[in-house]
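A closer look at the structure
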Amino acid sequence: MALLAVIVWWSASSWLQQHPGWVAVEQAGWVAGIVSAALGAVSAAAAVLALRADRPAARPQPMLKKLVQVGRVPPAASWLQDRRECFDLQAMAKPKPGMGVQILAGMGGVGKTQLAAQLVRHLVERRRLDLLVWVVAANQDAIVTRYAEAARVVGLAESGDAPTDGATRLLSWLAHTDRRWLIVLDNLDNPADATGWWPPTSASGHTVVTSRVRDDVWTSDTRAVTQIGLFHPEEAIAYLHSAVVDPGRQESAAELAADLGYLPIALAQAAAYIRERRLTCVSYRHEIADRRIRLRELLPDPTALPDEHAAQLDATWSLSIEAVDRLEPVGLATPILHLAALLDPHAMPMALFVSSATLAHLTNAAARSEMVTPHQVRRTLQNLHRYHLIELDVAAGLIRMHALVQRAARDHVNANRLQGAGIAAADALLQTWPDSECESDTTAVLRANVTALHHRTDSLLHTSRIHPVLVRAGISLGGTGLVAAATDYFRSLSKLASDHLGRDHLDTLEARREAARWLGRAGDVAGAADALVSLLSDQLRVLGPDDPLTLVTRNNLAVWRGAAGDATGAANDFSELLADQVRLLGEDHSQTLTTRNNLAYQRGQTGDTVGAVQAFAELLADFVRVLGPDNPQTLIARSNLARFQGLSGDIGGAIDGFSRLLPDVRRILGPGHIDTLGTRENLAYFRSHVGELSEATTALAEVLKDRLRIFGPDHPHTLTNRLRLACCRGMAGDPAGASTDLAELLRDQIRVLGPDHPDTLVTRREVICWQDRAGGTFEVVGDLQEVLQDMLRVLGPHHLETAFTRRMLTRVRAGAEDRAGATEILAEPDTGDVRLGGFSGE
């Protein structure tokens, strides 16, 4: 080609020399133009030949004198927020060596396309692009077609060339050109579509991909991944303040943003609906909270969607769902989503989805002839995670799902399928529940899922009966120390059961019994006894006197009568109950043995601690014979035996009993079980009464640390632990520190348990004693008289704590003339007055 150019130039020069006059007349410049045009034509011909010979080094650069754009870049969204991810995108404008592809991954509707378009505008405004190719990468054909179009625009292909030829030439040229280029593959949700068509890694250009597919699919040393999430709260609020326009309609914008989960597309379509209907953020919140209204009804008309949205919010994720359902194992994604859509969006245990209840439901929902396996479920969950429909936290064993994705899924499932998914979810929750409430983090997550499930399935969980998982959730509340919350929960559940099933239904009666139980544990022992009297009357009428449930209520009523201070009356009730249980159930029935335990306990509470020790020794032998040495009830009997040994004055026997019990409860129940912690605490408490104050203080502090970690600061046992630790520190020589700790404890007990709870009254008394010994100015006699009056009102005259406070007041009055002596009496350990919580079983 170089030789051809020389020949052309030589021929033209010779002709001009032979016709000098013509040049003068027609002007030399015009002739020079002809020559230049001829040379240009020769160069173009050379370029075409070089391309056809596939010699990249010999290809010319297309003449890109200004930006060449192929494909339409979406316009900026209205009220576009300057999102934090944009700072990363602007850094992307300067690609790193060897890093050719930037992936923007995120769930549908988070604004990935807008962020890519924002990067494009950033580069164009700064004149840092010569070629831009925007590809809507719906499939491989769309990618190849757009590449071929770009090849024709820049002169690398002709209109008659096959698309694959043009696309191949474009990619070959991009690998060698020094022109600045950017390829955007928008919505590349199937990475396989780009196989064989990835733009090259080049120092002069780079590629941006937006995708719903999660970042772990894109792992490569030539690709960088930016995870695009939701709006930050302040961004979402700022958007609504701008998009709603009318300041008078912006009230509760922050709350609406939270309701919508800070999802950009949801905020945009909600704002458009608000503008269209002239609503306020407050009224829209009311509408979206109404579960009877489908999500589609709360969105603008499809013909008027804002910012060129392709679909209404509820259909945003349909492509992702369809893609996952096509993956192996085929057909499981949709029923799994339907089940997940009924649970807590913030944390669903993965174990729920591989329980036998869930596997059976999925087998039926997917019309499988063979049972779905846990492996197939885990694989489907990974596929859903891959497409951003859920988020797997494998380390924590949890699944998260955006609340609006859940709502869209619920809107598209019929009532029969919804009912099946709801019952399966309830059964799975019950199967997953741990035996012990010491796994407080796990049980809190399970309770949250029960609450969400109950809220979203209305009456599906109490059509013919109350589903047992609802009862289990309430017991869990109380078991983790939330006794007041458990009381309110079962009151609501009993009303619900009464409304749906009738006042005399067994489930209604059970909910009433649980409400009374937790009312008593919350401190209202008289209220618990009154509630059980009413319940017993109904059970005698409905079930009869010999029904096992009637016997259980009689037991519980006696327990709370004893706790209210009537130990003698409670002991009589247990004696009568025991005779009936022996007649109906037999001497070795577990309920019969429990009643014997409670009878011995109340016998000790009346002051006959020696008789209680003898009764527990006999009972323990029967527990070992009937239930075995490792049964939890056997362990409780051993604990009560040690307790009453201490109360009878045998401190050494109590220490020996708890010392031998501790390794067994650790082995059988686990180190974090509530009874294990109680055994450690009781052992330390008795040791403090034989002068081992330093060791006891350290042990009580260690138990408190574990209680705080496992059960939290408001559990009643945690509060009792603080009481004993403070008193132990006082006896060890720090009355001022004990006084301060007890005053703080009293404030917390009033807040958590209420002013009339027995534990609160005990702490009031101890505060008076230790403040006096620390040199306070309190009127000890008058203050103790006030506490005694409250104990008489709440606990009755025969309760152990009432009796102890009366004796303490007598001592103080007797020593009133010797102030120092009186305060020493107050702090003096008295083995006959050791006060220690025991077990009287409900």
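A few points on the structure. None of the values given here were measured: they were computed from a predicted structure. (Residues numbered from 1 in each chain as written. Predicted model: local features only at pLDDT ≥ 70, side-chain atom pairs only at ≥ 80, totals over all residues. Heavy atoms only, no water.)

**As for the overall build of the protein**
Using the following cut-off: In DSSP terms, a helix is any run of H or I states spanning at least four residues, a strand is any run of E spanning at least two, and both are numbered starting from the N terminus. Each residue gets one of three labels from its accessible area relative to the maximum for its type: buried under 20%, exposed over 50%, partly exposed in between, using a 1.4 Å probe on protein chains only. Should any heavy atoms of two residues lie within 4.5 Å, those residues are counted as being in contact. Throughout, the Shrake-Rupley method with a 1.4 Å probe supplies accessible areas, and for residues the shown protein chains are the sole cover considered.
The helix and strand inventory of the protein stands at 36 helices and 9 strands. Burial statistics for the protein: of 842 residues in total, 51% are counted as buried. Considering only intrachain contacts with a sequence separation of at least 6, the fraction spanning at least 24 residues in the protein is 69%. Working note: accessible area of the protein is about 37,300 Å², and carbon and sulfur atoms make up 53% of it.

**Here we look at the pattern of salt bridges**
We apply this condition: When a carboxyl oxygen of Asp or Glu lies within 4 Å of a side-chain nitrogen of Lys or Arg, that pair is called a salt bridge.
A complete count under the given rule lists 43 salt bridges for this structure. Arg765 serves as the salt-bridge partner of Glu766, at 3.3 Å between the closest nitrogen and oxygen. In terms of burial, Glu766 and Arg765 fall into one category: buried. The network of salt bridges with shared partners includes Arg503, Asp504, Arg512, Asp538 and Arg541.

**Overview of the sheet that holds strand S8 (residues 391-393)**
Heads up, the condition is: Here, any two strands with at least 2 DSSP bridges between them count as paired.
Spatially, S7-S9-S8 is the arrangement adopted by the 3 strands of the open sheet, whose pairing is antiparallel. Either end of the sheet is taken by a strand with one partner, and the two such strands are strand S7 (348-349) and S8. Examined bridge by bridge, S7 and strand S9 (residues 398-400) share 2 bridges and lie antiparallel to one another. Each bridged residue has a counterpart across the sheet, and for Met348 the counterpart in S9 is Ile399.

**A word on the sheet that holds strand S5 (residues 205-211)**
For the record, the criterion: Lines are fitted to the C-alpha atoms to define the axes, a helix being fitted only along its stretch in contact, and any angle between axes, read from their N-to-C directions, falls within 0 to 180 degrees.
Read across the sheet, 6 strands follow the order S1-S3-S4-S5-S2-S6 without closing on themselves; strand pairing throughout is parallel. With partners counted over all chains shown, the strands left at the sheet margins are strand S1 (68-70) and strand S6 (223-227), one partner each. Averaged over all neighbouring strand pairs, the angle between strand axes comes to 15°, with direction disregarded. As judged from the 3 bridges shared by S1 and strand S3 (residues 131-136), these two strands associate in the parallel manner. Looking at S3, one finds that Gln69 is bridged to Leu132. Across the face of the sheet, helix H6 (residues 140-153) comes into contact with S1, S3 and strand S4 (181-186) while running at roughly 155° to S3.

**Details of unusual backbone geometry**
A negative phi holds for most residues other than glycine; trans holds for most peptide bonds. A cis amide bond links Glu328 with the next residue in sequence, Pro329, at an omega value of -5°. Mapped onto the fold, Pro329 is located in the loop between helix H12 (318-326) and helix H13 (333-340). Positive phi, close to 55°, is recorded for Arg278, a residue that is not glycine. Of the residues examined, Arg278 reaches a relative accessible area of 61% and is grouped as exposed. The residue His388 is not glycine, and still its phi comes out positive at about 60°. Residue placement: His388 occurs in the loop between helix H15 (374-386) and S8. With relative accessibility at 8%, the residue His388 sits in the buried group.

Any functional reading would require information that these geometric values do not contain.
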